[in-house]
Amino acid sequence: MIISIALSLFSLAVAKITSVPLDYCAAIAGKQWVSPLEVRSCMHSFPVNQDIKENIIEVLNKTIAMHTSVNYQISAPKPFDKARYLDVHEDLHKDLARIRQQKYQSEFEFHLDIFHTFRRLNDGHCVVINLCYDSLYISYLPTPLVLLTAADSQQSVHIAPEAFAVASAEFGEEIEFWQNALPGKLQGQLETLNGAEVLAINDQDPFVAVNSNALITGGYQSFGTRQNSFFSSYYRGADGWLYQMGNFAQQVHPLTDVVKLAIRRVNSTSIDIVTLPYRSRFSRGSKNFTDSASYRANNCIATNETNGVDMYAVSRSTTQEHSEDPLPIGYFQQQPPIPRKEARRHPMNVLVDALPLSNIDLPEIMQPSKPALNESYSVAQFYMLDDNVTGVLALGSFSAANFSAFQHSLLDGLVKLKSLGATQLLVDVTNNGGGYICIAHWLHRIIIGSKSTTEPQAGLDTATRAGTLAQLIVQKIVEDVMDPDALLYYNPTQWTNASNIPFSADIEWLKPLQELMINGHEDAFSQRLGQECQPFGVEPPRKGFFKAKDVVIISNGRCASSCSLFSITMSKLEGVRTVVVGGKQGTTQQYCGVVGGQSTDFSTIDTEIKSVHLKNHTLAPPDLSANIIEGITWRLAYGIDDPTEPEEWQDHPADINFPLTMETVNRPVAIWKAVSKEVFISSPPPLLVQDK
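Residues numbered from 1 in each chain as written. Predicted model: local features only at pLDDT ≥ 70, side-chain atom pairs only at ≥ 80, totals over all residues. Heavy atoms only, no water.

### Considering the environment of Val39
Thinking step 1. Within the secondary structure, Val39 sits in helix α3 (residues 36–43).
Thinking step 2. Between the alpha carbons of Val39 and Ser139 there is a distance of 10.0 Å; along the sequence they are 100 residues apart.
Thinking step 3. Contacts of Val39, omitting those with residues within four sequence positions, involve Ile28, Val34, Tyr137, Pro254 and Ser280. (Helix = DSSP H or I, 4+ residues; strand = E, 2+ residues; numbered from the N terminus. Contact = heavy atoms within 4.5 Å.)

### Overview of the sheet that holds strand β14 (residues 380–384)
Paired through backbone hydrogen bonds, the strands of a sheet run either parallel or antiparallel to each other.
Thinking step 1. Strand order in the open sheet made by the six strands is β14-β15-β16-β21-β22-β25, with mixed pairing throughout. Two strands in the sheet have a free side with no partner beyond their single neighbour: β14 and β25 (656–658). The sheet shows a mean angle of 25 degrees between the axes of neighbouring strands, direction not considered.
Thinking step 2. As paired strands, strand β21 (residues 551–555) and strand β22 (residues 577–581) are joined by four bridges and run parallel to one another. Across the sheet, residue Ser555 finds its bridge partner in β22, namely Val580. (Pairing = 2+ DSSP bridges. Axes fitted to C-alpha atoms, helices over the stretch in contact; angles between N-to-C directions.)

### As for the confidence of the model for the protein chain
Thinking step 1. Across the protein chain, the average pLDDT comes to 93, with 93% of residues at or above 70.
Thinking step 2. Counted against residues more than four places away or in other chains, residues 1–18, with its pLDDT under 50, gives 14 contacts. (pLDDT = per-residue confidence, 0-100.)

### Thoughts on the side chain of Thr664
Thinking step 1. Among the structural elements, Thr664 can be located in the loop between β25 and α19 (668–681).
Thinking step 2. Here Thr664 falls in the buried class, since its relative accessible area comes to 13%.
Thinking step 3. Reaching out from Thr664, the side chain makes a polar contact with the backbone nitrogen of Thr661 at a distance of 3.0 Å.
Thinking step 4. Apart from residues no more than four positions distant in its own chain, Thr664 is found in contact with Ala670 and Ile671. (Buried < 20%, exposed > 50% of the residue type's maximum accessible area, 1.4 Å probe, protein only. Polar contact = N/O pair within 3.5 Å; in protein donor to acceptor, adjacent residues only side chain to side chain.)

### Observations concerning the packing of aromatic side chains
Thinking step 1. The final tally for this structure, using the stated rule, is 30 aromatic pairs.
Thinking step 2. For the pair Tyr140 and Phe171, a centre-to-centre distance of 5.1 Å together with 55 degrees between the ring planes defines the contact as tilted. With Tyr140 in strand β3 (residues 137–140) and Phe171 in helix α7 (residues 163–171), this pair connects stretches of sequence that are 31 residues apart.
Thinking step 3. According to the relative accessible area criterion, Tyr140 is buried, its value standing at 5%.
Thinking step 4. When the ring of Tyr490 is compared with that of Trp634, the centres are 5.1 Å apart and the planes differ by 90 degrees; the resulting orientation is edge-to-face. Of this pair, Tyr490 sits in the loop between α16 (468–479) and β19 (514–518) while Trp634 is found in strand β24 (residues 628–637), placing the two residues 144 residues apart along the sequence. Per residue, the accessibility class of Tyr490 equals that of Trp634, and both read buried. (Phe/Tyr/Trp six-rings, centres within 6.5 Å; stacked < 30°, edge-to-face > 60°.)

### Concerning unusual backbone geometry
Thinking step 1. Residues Lys511 and Pro512 are joined by a peptide bond in cis, for which omega reads 0 degrees.
Thinking step 2. The omega angle of the peptide bond from Gln534 to Pro535 is 0 degrees, so this bond is cis rather than trans.
Thinking step 3. Inspection of the secondary structure puts Pro535 in the loop between β20 (521–525) and β21.
Thinking step 4. At Asn202, a residue that is not glycine, the phi angle is positive and equals roughly 50 degrees.
Thinking step 5. Position of Asn202 among the secondary structure elements: in the loop between β6 (197–201) and α9 (206–214).
Thinking step 6. We classify Asn202 as partly exposed; its relative accessible area is 42%.

Structure, rendered in structure tokens:
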């Protein structure tokens, strides 16, 4: 590490002496692993292009007119208004005006300002990701952390007991770099750090680092959930059980070179001081390059998929061919890759993160040892616990590659659990980033059965923002019949009114407008929209599979989007209990994160605009010239406790904050057994129940 930094500094000195510009990108080209400093030198080598800067700011300013939460996020209502947590207090238009005037030393510095501005919304639907910089290289440590609770109820931060197994399997020969970086007698003994208590991070209490990360990581309104993002966790992927390193051990940008830890290893009374370097790995989604010019050409310039298309100007065969592939945003959506045709056919509500969904395996010894039931499919895996009465649905996402197969699997799996004698159900949605809206409705309906809370609406009513451009799009579709095949989201035939009656093709469905005053700003939303999923296409059984009192939803709080919609309706309408595992004591744990109603992205909105020939309108954003993905919240769901306001800004405290131990952390079956024993069999001890 010291040699690498010294060589980089020497190169900088040589460049100044000789006045010959060095190509810092050529220096790292073709290397899988490099130091963060080397990556920063490459990324900072590009000056700001004023035309590109103006283009990006104009696109963002005009596109967020479609983002439903923009005025709410200027000053979020309770419980997300705590000044000490800086939860959500962001005026995007003012921020973009400041950024337009500000001078930057490099384009990377400019992008970081944009990136963190949108992250401060704590809204995992409204993000700006530049493929030139975000996760082009991902920086890692071999020591993911966990928060554990001892027998005396005291909590402390530890290096994960599985850290070496995860790191050595994932990083291969690079693990030797960290082995050699350890000091003195610890050199080559990285495995002995497993389970060590972390007493300090960079000479401060570990929660200083945890809380600092919570202020910048974004994605979720809840401070507790953003704290949890610092730590490692697991989730069920489409092809297996996967491992999330957490924000301490896995970072989007190459901004940190080293970390200093004070640790007490297992079965030791002494304190070791360890300085570990981060290492930056070229990401699987990045495009290879040989020098600065090819770096920019391959990763930084808008591609033929960055912007939208006129659906009626593209041949149908070409449209069909492209629809088999995910949208570019799919790489960053926290769900398995979804064919474009499925995503457009079935509206989605899914979290977007600058860190792509992890493909790091959960160590086999930590995975369920018994095979899942045959009815399992993709992200939905069914198990029976050894007590023969507790069924488990491990649900890593509300999306899978085939919507119909997914829908059938959920039904068939619950049928099988009941046939095996299950009388109670755990639904594990740890790190579930959402997905198909109608799968969330479907799962609620089949678990609970036919009743007023599941028919005709098993979800939440919604509304979309109805600014001038949105109204013009609808007007073009209705009056000029510019979407005869009903391909567009703004087509009235896609929606129903508040009475659940479908709109006819000649209805300007945004009207009558709801004209609101939000944080001192005039705003306009569509009329209330009703159910969008029923009839489901598969006939659900009339009787539910489980009583609400016998269902528990488990997560680490990182349940978002359609996962939030499912958890909220199950909790607030049905009384299903919710458990967050591993949260910090004294911090209220929310059982779900960003709610939204339907998420989308710039290219999809741009397609709507181009397909009705409004691209030249002064309110329409121009095409992006940079390789950027912009996510937005296109619809907001109405609340349950307060039906006049969005559910996005209402409280979702978990019933129980369940502690993790060395024996249960990141072990799904151990967690299921422990939660089942405490929640179903005995009254939860006072330690676990949260004040509401």
